[in-house]
Amino acid sequence: MLILAIESSCDETAASVIEGRAERVQILSNVISSQIEIHKKYGGVIPEVAAREHVRNIIPVINEALLQAGIKPGEASKRLSAIAVTAGPGLMTALSVGAQTAKSLSCAWKLPLIATNHIAGHIYANWITKSISNLPAGGHGFQFPISKQITKIQFPIVILTVSGGHNMLVLMKDHLDYEIIGDTLDDAAGEAFDKGAKMLELGYPGGPAVAASAASITDDQLSITNSVSKLPRPMISSANFNFSFSGLKTALLYALKKDKSWRKKIPAYAAEYQQAIIDTLIAKTIKAAKKYSAKTVLLAGGVSANKELRSQLAQAVSEKLPQALFGLPDLKYTTDNAAMIGAAAYFLAREKHWDSWRSLKINPNLDLK
Ligand code: KG4
Ligand code: ZN
């Protein structure tokens, strides 16, 4: 089944053609037009600016995705089975551009629509690649042995899904069956990275900037990490699976205020801040996976691009849950893209969750269900 997928919920205009077969999703094209350079000067995404950029880019991006998949625009109605589009959560005006474009194409090409949840997309990015493996213990920077990769993800699954807009632990007992077992009480991890980066004057987007600064500490400089005060690991020992990152952000602010020479130790602060976020995310994920007897642990969302989080979670699962499988999306499918929307849409299509250009609705606060 060939699906054209469209994503425009935030600041990436993206289109992809995917092919779903049994439990796998193959990517025929994955085109992303990023607005990062435009929003950088404002230090964050300006919704009106994002929407205007989506309007400018969406048709060329879709056209390119079709061409890269070997589909000429005139053939799309015959070759494709459906059009998937992100219906939420996201910025209202940004979502509208993708949805209206998808509706127009669906009407013109007489193809069904599949309204897809953005967070479900992040989760289903894990079905794109063969990244599941039963991992032996390893150090930081652990690489997955290709020979250990398996093709079938086994339920029940606990997924840590973390990005700029959401921060959840999700239990899936089957496809499309989502139970949110943990959520953030305030900021999401990606938001915490972004705000921390601002305080450390590392720029936007914050996650990659904090990660790069932390990674710039060489082995012979490791002692500088001890030169900064320890930050809290909020709620790490609480009885539930919820998160809270606003206290960590405030703790960093006070630590910087107290330290007159903090600008000389930015990588050390970045490393400690990143590690505080990672420690909390990993502790809760392992606890949840144990409680729900997860056969697989997955990582998803923009923050899953963080290499330390990827390798430290892999290591924690292999040490603390030796029977469990662990998987994460390829780096190119971690931050916003349309391939992941196509992947989730394929599993919706298998269950006949069809929409049409008349019925499709967007919802900026769409729940994961
Ligand atoms: O999924 P995404 O592209 O957009 C949302 O759905 O929010 O996630 C973007 C978030 C941003 O907050 C960004 O700082 C964070 O993911 N992020 C990272 C890294 N790359 C992106 N956070 C930590 N380390 C990274 N390497
Ligand atoms: Zn996202």
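Residues numbered from 1 in each chain as written. Chains lettered and ligands numbered in written order. Predicted model: local features only at pLDDT ≥ 70, side-chain atom pairs only at ≥ 80, totals over all residues. Heavy atoms only, no water.

**Description of the site of ligand 1**
Our working definition: When we say a residue is near a molecule or strand, we mean one of its heavy atoms is within 4 Å of it. Pairing of N or O atoms within 3.5 Å defines a polar contact, subject to two protein rules: one partner must be a possible hydrogen donor and the other a possible acceptor, and residues neighboring in sequence count only if both atoms are side-chain atoms. Accessible areas in this description were obtained via Shrake-Rupley with a 1.4 Å probe; residue shielding takes into account the shown protein chains only. Only DSSP runs of H or I with at least four residues qualify as helices, and only runs of E with at least two residues qualify as strands; both kinds are numbered from the N terminus onward.
Around ligand 1, a shell composed of 17 residues is seen, among which His 122, Gly 164, Asp 194, Gly 207 and Asp 336 lie nearest. Here an oxygen atom of ligand 1 and a side-chain polar atom of His 122 are 2.9 Å apart. In this structure, Gly 207 approaches ligand 1 through a main-chain N or O atom, which is 3.0 Å from an oxygen atom. Alone, ligand 1 offers 550 Å² of accessible surface; in the complex the protein occludes 87% of this. Every element with two or more residues in the shell around ligand 1 is listed here: helix H5 (118-124), helix H6 (189-199) and helix H7 (206-215).

**Here we look at helix H11 (residues 339-350)**
Which entries qualify depends on this criterion: Each helix should span, by expectation, one fewer than its residue count multiplied by 1.5 Å. Exposure categories follow from relative accessible area, calculated using a 1.4 Å probe and restricted to protein chains: below 20% of the type maximum is buried, above 50% is exposed, and the middle band is partly exposed. Contacts between residues were defined by any pair of non-hydrogen atoms, one from each residue, lying within 4.5 Å.
Helix length check: H11 (12 residues) gives 17 Å between terminal C-alpha atoms against 16 Å at 1.5 Å per residue, within 8%. Buried residues dominate H11, accounting for 11 of its 12 residues. Buried residues of H11: Ala 339, Met 340, Ile 341, Gly 342, Ala 343, Ala 344, Ala 345, Tyr 346, Phe 347, Leu 348 and Ala 349, and no others. Buried-residue contacts for H11 involve strand E1 (2-7), strand E2 (12-21), strand E3 (24-34), strand E4 (82-88), strand E5 (113-117) and H5. Just past H11, the residue Lys 352 takes up positive phi, approximately 60 degrees.

**With respect to the pattern of salt bridges**
Worth spelling out the cut-off: For this document, the term salt bridge refers to a Lys or Arg side-chain nitrogen within 4 Å of an Asp or Glu carboxyl oxygen.
Summed over all chains, the structure comprises 14 salt bridges. Linking Glu 19 and Arg 21 is a salt bridge whose minimum nitrogen-to-oxygen distance equals 3.0 Å. Note on Arg 21: relative accessible area 58%, which makes it exposed. One salt bridge in this structure joins Lys 195 and Asp 187, with 3.3 Å as the shortest N-O distance. Among the residues examined, Lys 195 registers a relative accessible area of 29% and is labelled partly exposed. If you follow the salt bridges from partner to partner, you end up with Asp 187, Glu 191, Lys 195 and Lys 249 in one network.

**Some thoughts on helix H2 (residues 47-68)**
Note the cut-off: To get the bend at any residue, fit one axis to the seven residues that end at it and another to the seven that begin at it, then take the angle between the two axes.
Spanning 22 residues, H2 covers 29 Å between terminal C-alpha atoms, matching the ideal 32 Å at 1.5 Å per step. Along H2, the largest kink reaches about 45 degrees and is centred on Asn 57; proline Pro 60 follows within four residues of it. Taken together, the buried residues of H2 touch E1, E2, E3, helix H1 (36-40), helix H3 (76-79) and helix H4 (92-109). Where H2 terminates, the next one or two residues include Gly 70, which has phi positive at roughly 80 degrees.

**Re the nonpolar core**
We count it as follows: What makes a nonpolar core is a set of buried Ala, Val, Leu, Ile, Met, Phe, Trp, Tyr and Cys residues whose side-chain atoms join them at distances within 4.5 Å.
Counting residues in each nonpolar core, the largest one holds 52 residues, and the members touching the most others are Ile 277 and Leu 281. Residue assignment for this core shows that the elements contributing at least two residues are strand E8 (157-162), strand E9 (167-174), H6, H7, helix H8 (246-258), helix H9 (266-291), strand E11 (296-300) and helix H10 (307-320). By residue number, the principal contributor to this core is H9, which donates 14 residues. Counting 39 residues, the second-largest nonpolar core is a separate cluster that includes Ile 3, Ala 14, Val 170 and Leu 368.

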